[in-house]
Amino acid sequence: MTGRLNSAQPYAIALFRIVVGLLFSVHGTASLFGVLGGAAGTDGGTVDAGTWPGWYAAVIQLVAGALVLLGLGTRAAAFVASGSMAFAYFDVHQSAALWPIQNGGELSALFCWAMLLLVFTGSGALGLDRLLTARTSAAVEEQRASEPVTV
């Protein structure tokens, strides 16, 4: 049983990455464009462009979430996303109460830790990172094969 689970691990990580990336990017989309209920606390509205930290957080959510969803630059995008959620938790939520359940920061905490996990696991089996890495590796090998051998 363990062998089968281990062989499926890259696919499970990929599915996890896709779901987390989609949910994260949806938050940014809602805040920036007012769709899907809009930004939190705006009754379907958007955050004002350029406002700190809401607008910048929404841009990070949209861009980093899309990159994580696609598996393109996953580790870097997840690192930035994790940091932004840590900032959101400690700057916005922590001052209200100690525990996330009390201060409304559960989602920030979960996204922070989920993205941090992706920093260490990478994109998994279905990411564009792997496709680009495989293509680059094949091109390097082809170039090496065409070079003359010196003794």
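Before reading further, recall that the structure is shown in the block above.
Residues numbered from 1 in each chain as written. Predicted model: local features only at pLDDT ≥ 70, side-chain atom pairs only at ≥ 80, totals over all residues. Heavy atoms only, no water.

Engineer: Tell me what's going on with the packing of helix α2 (residues 54–70) against helix α3 (residues 74–93), and back it up with residues and numbers.
Structural biologist: In a pair of packed helices, the angle between the axes and the distance between the axes together describe the arrangement. Viewed as axis vectors pointing N to C, α2 and α3 meet at an angle of 145 degrees, and their least axial separation amounts to 8 Å. Note that α2 runs across α3; the crossing there is left-handed. For the pair α2 and α3, contact is made by I60, Q61, A64, L67 and V68 and by T74, A77, A78, V80, A81, S84 and M85, respectively. Grouping the amino acids of the contact of α2 with α3 by side-chain chemistry returns nine nonpolar, three polar and no charged. (Axes fitted to C-alpha atoms, helices over the stretch in contact; angles between N-to-C directions. Helix = DSSP H or I, 4+ residues; strand = E, 2+ residues; numbered from the N terminus. Left-handed = near helix turned anticlockwise from the far one by under 90°. Contact = heavy atoms within 4.5 Å. Nonpolar A, V, L, I, M, F, W, Y, C, P; charged D, E, K, R; others polar.)

Engineer: Can you tell me about the packing of helix α1 (residues 2–33) against α2, naming the residues and giving the values?
Structural biologist: Following both chains from N to C, one finds α1 and α2 inclined at 150 degrees, their axes separated by 7 Å at the closest point. Classed by the angle they form, the pair α1 and α2 counts as roughly antiparallel. Here α1 and α2 pass one another in a crossing that is left-handed. Seen from α1, the contacting residues are R17, I18, G21, L22, F24, S25, H27, G28, T29, S31, L32 and F33; seen from α2, they are W55, A58, V59, I60, Q61, L62, A64, G65, A66, V68, L69 and L70. Among the residues making up the contact of α1 with α2, the classes are represented as 15 nonpolar, eight polar and one charged. (Parallel < 35°, antiparallel > 145°, perpendicular 65-115°, else oblique.)

Engineer: Which residues make up the environment of A64, and what are the values?
Structural biologist: The residue A64 is located in helix α2 in this model. Sequence-wise, A64 and G21 are 43 residues apart; in three dimensions their C-alpha atoms are separated by 7.7 Å.

Engineer: Could you give an account of α1, naming the residues involved and the relevant values?
Structural biologist: Residue pairs three or four apart in sequence face the same way in an α-helix, which turns once every 3.6 residues. Under the 1.5 Å per step criterion, the end-to-end length of α1 is 45 Å for 32 residues, consistent within 8% with the ideal 46 Å. Along its length, α1 reaches its greatest deviation from straightness, about 45 degrees, at Q9, and the proline P10 lies no more than four positions downstream. The set of residues buried in α1 consists of I13, A14, R17, V20, G21, F24, S25, G28, A30, S31 and L32. Looking at the packing, one finds that the buried side of α1 touches α2, α3 and α5 (106–121). Count one or two residues on from α1 and you reach G34, which has phi positive near 75 degrees. (Expected span 1.5 Å × (residues − 1). Bend = angle between axes of the 7 residues up to and from the residue. Buried < 20%, exposed > 50% of the residue type's maximum accessible area, 1.4 Å probe, protein only.)

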